[in-house]
Amino acid sequence: MLRINHIHTFYGNIEALKGISLDIAEGEIITLIGANGAGKSTTLMSICGVVPPRRGEIYFRGTPIHDMATDKIVALGICQVPEGRRIFPILSVMENLEMGSYLRRDPQGIKSDLDYVFDLFPILAQRRHQAGGTLSGGEQQMLAISRALMARPKLLLLDEPSLGLAPLIIQQIFEIIVKINRENRTTIFLVEQNANLALKIAHRGYVMENGIITLSDTAANLLGNEAVKKAYLGI
Amino acid sequence: MTMRKLFTLDEIKKSLLVALWFMVLTFPILAVRVNPIYKVVEWRWHNLLMVGIGAFLLSFPWRYFQGHGKPPEKSAAAENQALKNSKILLWRRHPWVRLCAVVLATGLVLSFPFLFSSYQVNIMTTALIYVVLGLGLNIVVGLAGLLDLGYVAFYAVGAYSYALLHLHFGLSFWLCLPIGAGLAALFGILLGFPVLRLRGDYLAIVTLGFGEIIRLVLENWNEFSQGPSGISNIPRPGLPGIEMSLNASSIFLYFLMIALTLFTILVVSRLRDSRIGRAWLALREDEIACQAMGIDKTRTKLTAFALGATWAGMGGVMFAAKTTFINPASFTFLESAIILSIVVLGGMGSMLGVILSAFILILVPEYLRAFSEYRMLIFGAVLVIMMVFRPQGLISNVRHRYRFEGLKTPPEELG
Ligand SMILES: Nc1ncnc2c1ncn2[C@@H]1O[C@H](COP(=O)(O)OP(=O)(O)OP(=O)(O)O)[C@@H](O)[C@H]1O
Ligand SMILES: [Mg+2]
């Protein structure tokens, strides 16, 4: 579904991605793990076209998207939940969700997706008129995921959804990620620091260090890998 | 701050300091006078004493009211609730009150030119032009959050479009109104393209420069714009086949302005609640999140710029038609500053606030003409006092109340 072919992404003169390749098949949950500053967020930004790669290609269902504008890429069905949630603080929960469906023109579909996300996260339905900025961290993460779902993405990019949340909430959010993947066949690309949890729900995983991919394997194999255990699982 | 706490030793000390500070500040103007005839310096100590006593006494009510101006910190939810219940809002919602207000306002607006002199009608027309300009700039600054210090450039484009098109091609007012608006929008897009990547202060500086460039071009390109001497004999708008006296045409212009103002209010309020209006708000909040939602950043900002400029263009055509003479001196930076003040004073994003503050900022200096030299002083003092006691503007936009709470980064995000 998504094929990344040797991309190099720069911030000014700093090369953040040094020739990365990866493959995501339809319906998979793929995780990308790595230390701080490895370039995980940059990978997502490159896919979305916010920070386009300087060299290399990205194909989404066969369409080259590496030099497309972000809004065109989103229109193709790729939606990102950015690191740190980035919900709109002064807009209400409802308005935040409406922003998610900004590019859509099917009121009926939007309506049913709204019911769907309220079903996934009933707390959001209760808070629908509250300003986004006044939600708790966990609720904000739920809102950020819901907002992305409102775009009805085919590929959902999640950047550290567990960031700063209590273990119980993380558990809940990960269960819902699996549910979204099973029920809608939404392909999920999950960037995580919490390697243990991420590898437990993912089908395959990639490990990234300093802008290059160092390992790629099935999630089960990575969980058993000695090097991964030492570096990312703290065992 | 309660009454009792007002007169503690601490407070008196503060007031003494304030008095001293004011005495130092006003010393050169109020205490020293050079008498050029006898070539001596006069020391007017009694003036300084008066300033000191005045500042000392006034500082008490000042602090008292300032304490009242700032409500105690509340949670956003509680504040929202309080706001909903606040008397003003309830009062504004009541259907009878609304009906009465509409009837009263309509009556006043319709009868105004027949009750008052044409001098008053002219002032009111000017004020209405500024209402339109304020509402237009409100799109750019209040809704889209782009600080534009060169708004007057688009106003000038509108005014000169009418003046020049009439001068060279004899085009009528009615034709020039949409053309002026369109040309201003075009300039808005032209300016928008290079400055879109800039934010905040940088954008302000670039737009400031753009405003000055337009004025300097008009001033120096004699063949094109007739330079500083300007263009005169611009016709007032009329209706075909009807000969109007000066008085009648100024009344006609007044009603035209009323119509344009209503049109502006209608369009801007529709825009604010539209998809693009929501996108402006969101873009002001978080650009990256907007991009992730598939909002075209460039186009959204450009639209705000162009739409804002359109209203300035129409205002400019109106202005040229009203004064029948324009020159570059009417389009200085001060003009941009006044329009921006209207938006800020009104409470960014609030339409009613912008309308009120346009009337205040334009009519107050006009009616203060009786106090000639103190006019600008009083005007300045009103502005300062206003900003101290109501920094959120005359009518604060309800959304802005969440802002401070919302922007606080939740502590867990720092980890
Ligand atoms: N806007 C930027 N400008 C310059 N350099 C940047 C920018 N964003 C990221 N970088 C650099 O690019 C590298 C990769 O950053 P990135 O945000 O992709 O890391 P990450 O793997 O997501 O880390 P984390 O787990 O801490 O979120 C880092 O060295 C970072 O300093
Ligand atoms: Mg990151």
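Residues numbered from 1 in each chain as written. Chains lettered and ligands numbered in written order. Predicted model: local features only at pLDDT ≥ 70, side-chain atom pairs only at ≥ 80, totals over all residues. Heavy atoms only, no water.

Peer 1: In this structure, what is going on with the domain arrangement of chain A? I would like to understand it.
Peer 2: Accessible area lost upon the coming together of the parts is a frequently used measure of interface size. Residues and elements named next belong to chain A. Here chain A is described as being made up of domain 1 (1–77 + 154–235) and domain 2 (86–152). If you average the C-alpha positions of domain 1 and of domain 2, the two centres end up 23 Å apart. Contact with domain 1, which involves 17 residues of that partner, is made by 12 residues of domain 2. With both chains or domains summed, domain 1 and domain 2 bury close to 1200 Å², and 77% of this area falls on carbon and sulfur atoms. Ranking the residues of domain 1 by area buried against domain 2 places Ile173, Ile176 and Ile180 at the top, with a combined share of 33%. One can count two residue pairs in polar contact (both at pLDDT 80 or more) joining domain 1 with domain 2. Of all the secondary-structure elements, those providing two or more residues to the side of domain 1 that touches domain 2 are α2 (70–76), β7 (155–159) and α7 (167–184). Per element, the largest residue contribution to the side of domain 1 that touches domain 2 is eight residues, and it comes from α7. Residues belonging to the side of domain 1 that touches domain 2 are distributed by class as follows: 10 nonpolar, two polar and five charged. (Domains from an automatic or database assignment. Contact = heavy atoms within 4.5 Å. Buried area = accessible area lost by both parts, 1.4 Å probe. Polar contact = N/O pair within 3.5 Å; in protein donor to acceptor, adjacent residues only side chain to side chain. Helix = DSSP H or I, 4+ residues; strand = E, 2+ residues; numbered from the N terminus. Nonpolar A, V, L, I, M, F, W, Y, C, P; charged D, E, K, R; others polar.)

Peer 1: Explanation requested: the nonpolar core in the structure shown.
Peer 2: As a rule of thumb, nonpolar side chains are buried together in soluble globular proteins. Grouped together as the largest cluster of nonpolar side chains are 84 residues, with contacts concentrated most on Phe154, Ile326 and Phe331 of chain B. In terms of residues, this core owes the most to one element, helix α6 (residues 118–143) of chain B, which gives 16 residues. With near-sequence residues (within four places) excluded, Ile326 of chain B lies in contact with Ala159, Tyr160, Ala163, Gly230, Ile231, Ile234, Phe319, Ala320 and Phe331 of chain B. Grouped together as the second largest cluster of nonpolar side chains are 48 residues, Ile87, Leu143, Ile170 and Tyr232 of chain A included. (Core = buried A, V, L, I, M, F, W, Y, C linked by side-chain atoms within 4.5 Å. Buried < 20%, exposed > 50% of the residue type's maximum accessible area, 1.4 Å probe, protein only.)

Peer 1: I tried to follow the sheet that holds strand β10 (residues 212–218) of chain A on my own but got confused; where do I start?
Peer 2: All names here are of chain A. Strand order in the open sheet formed by six strands is β6-β7-β8-β3-β9-β10, with mixed pairing between adjacent strands. What marks the edges here is a single partner per strand, and that holds for β6 (78–81) and β10. Strand-to-strand twist across the sheet, computed as the mean angle between neighbouring axes with direction ignored, equals 15 degrees. Relative to β7, β6 runs parallel, the two sharing four bridges. Note that in β7 the partner of Gln80 across the bridge is Leu157. Contacts from helix α6 (residues 137–149) reach β6 and β7, with the element oriented near 170 degrees to β6. (Pairing = 2+ DSSP bridges. Axes fitted to C-alpha atoms, helices over the stretch in contact; angles between N-to-C directions.)

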